[in-house]
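Single-letter residue listing:
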Amino acid sequence: MPGSLLPDAIVPGWTEVAPGVFQRRYEPEDVSVGVIVGSTGITLVDTRNNPAEAEEIIRDVRDAFALPIVTVVNTHAHYDHTFGNQVFAEHGIPIYGHHLIPRHFAHHEGPRLREVQEQPECGPDRDWGEVRLTPPTVPVEAPLRIDPGGRTIELLPISAGHTDTDLAALVPDARAWFLGDVIEESGPPMFGSGSYPLDWPDALEGLLDRIRSGDVLVPGHGSVVDRDFVERQADRLRSVAEWIRDAFAAGRSLDDVRPERSLEEYWSESFLRSALEDGYAQLSSARNLPDDGA
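Definitions and cut-offs
Residues numbered from 1 in each chain as written. Predicted model: local features only at pLDDT ≥ 70, side-chain atom pairs only at ≥ 80, totals over all residues. Heavy atoms only, no water. Helix = DSSP H or I, 4+ residues; strand = E, 2+ residues; numbered from the N terminus. Buried < 20%, exposed > 50% of the residue type's maximum accessible area, 1.4 Å probe, protein only. Polar contact = N/O pair within 3.5 Å; in protein donor to acceptor, adjacent residues only side chain to side chain. Contact = heavy atoms within 4.5 Å. Pairing = 2+ DSSP bridges. Arc of directions from axis to C-beta. Axes fitted to C-alpha atoms, helices over the stretch in contact; angles between N-to-C directions.

Undergrad: Please explain the side chain of His76 as it appears in this structure.
TA: Within the fold, His76 resides in the loop between β5 (69-73) and α2 (79-82). Under the relative-accessibility criterion, His76 is labelled buried at 0%. A polar contact is formed between the side chain of His76 and the side chain of Thr75, at a distance of 3.0 Å. A distance of 3.3 Å separates the side chain of His76 from the side chain of Asp181, its partner in a polar contact. In contact with His76, other than residues within four places in its own chain, are His81, Thr82, Ile101, His162, Thr163, Thr165, Asp166, Gly180 and Asp181.

Laid out in structure tokens, this is it:
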């Protein structure tokens with residue numbers, strides 16, 4: 001799509017990050033929502049935290065763009081990116097997302113949602129009373145090219161990292177990417193809730209094989225970044241993975257491991273503790289696997 005569809009490329013509330021590709025940063029949590037404008041319709045990237053927030057997106061898109069939403073893409077399974085899905089499903093809009101999102105919902109988002117719905121005091125800021133878990137209606141298991149609204153988009157499953165449900169959306173004619181929370185700019189990448197801290201650096205390295213210099217990269221939270229930013233974040237994540245592996249190899253218990261000062265300069269102790277617990281669980285599981293040669 002050459003150029004913007006809108007005069008002077010100014011759309012109140014939205015930032016045009018590439019021709020016909022827009023980002024809006026919503027509170028709470030500074031979550032990114034994307035709009036990919038085609039000739040006959042709009043693809044929306046991520047649906048926020050609950051139905052009311054999803055309805056706000058619909059109003060904002062309607063006010064800014066003279067086209068209908070024809071497709072939704074989920075970048076990963078976490079609540080702040082998917083708990084608005086039901087609104088779009090009710091409108092019959094196809095939702096593309098990683099094929100493992102239903103499994104993640106069952107293990108992580110579902111139990112958290114039930115707890116808050118049964119005991120609202122556990123999450124007074126969540127406003128999840130009306131949320132119904134709604135997985136993608138079009139599961140994506142392998143790279144997929146789609147053309148919703150007359151605009152080509154490539155959907156690329158990412159190997160396990162932030163979660164095992166991460167999905168990149170590339171708009172090839174604009175070289176613009178929506179990456180979800182495999183990259184975060186307004187804060188450090190978050191561990192926990194189904195993360196794979198030992199594998200995350202390799203997931204980013206695999207993604208970097210596809211990213212060109214000059215590409216526009218929209219993170220799940222924060223401002224647009226470039227390829228160099230992803231490389232730096234991959235290096236930081238690799239430092240976390242090495243810290244976990246070294247501690248495990250030395251036979252140190254979880255209680256005896258303390259974060260390295262260089263890591264604490266970037267991550268909070270609670271984030272690092274979560275990464276350590278997940279990493280130890282993964283390494284313990286691998287150690288206990290039966291030997292195929294036995």
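Undergrad: Hey, could you run me through the pairing of strand β3 (residues 31-37) in this one?
TA: Residues in a regular strand project their side chains so that they alternate between the two faces of the sheet. Within β3, 7 of the 7 residues are buried, which leaves the element mostly enclosed by the surrounding structure. Burial of β3 is two-sided: the residues Val31, Val33, Val35 and Val37 facing one way and the residues Ser32, Gly34 and Ile36 facing the other way are all buried. With 6 bridges connecting them, strand β2 (residues 21-26) and β3 associate as antiparallel partners. When the sheet's bridge partners are listed, Arg24 is paired in β3 with Val33. Linking two consecutive strands that pair antiparallel, namely β2 and β3, is a turn of 4 residues; a positive phi of about 80° is found at Glu29 within it. In terms of strand pairing, β3 meets strand β4 (residues 42-45) through 4 bridges, oriented antiparallel. If you follow Gly34 over to β4, its bridge partner there is Val45. Linking two consecutive strands that pair antiparallel, namely β3 and β4, is a turn of 4 residues.

Undergrad: Explain helix α5 (residues 200-208) to me, please; I cannot follow it from the model alone.
TA: The complete set of buried residues in α5 reads Trp200, Pro201, Ala203, Leu204, Leu207 and Leu208. Projected down its long axis, α5 shows its buried positions confined to an angular sector of 160°, all on one face. Where α5 is buried, its residues touch β10 (167-171), β11 (176-178) and α6 (227-249).

Undergrad: Sorry if this is basic, but what is going on with the sheet that holds β5 here?
TA: In any sheet, the strands associate via hydrogen bonds between backbone groups, in a parallel or an antiparallel arrangement. Read from one edge of the open sheet, 7 strands run β1-β2-β3-β4-β5-β6-β7, paired in mixed fashion. The sheet is open, and its two borders are formed by β1 (15-18) and β7 (138-140), each paired with just one other strand. Neighbour to neighbour, the strand axes of the sheet diverge by 25° on average, direction disregarded. Sheet analysis places β1 next to β2, joined by 3 bridges and oriented antiparallel. Its bridge partner lying in β2, Ala18 is registered against Val21. Contacting β2, β3, β4 and β5, helix α1 (residues 51-64) crosses the sheet at an angle of about 135° to β2.

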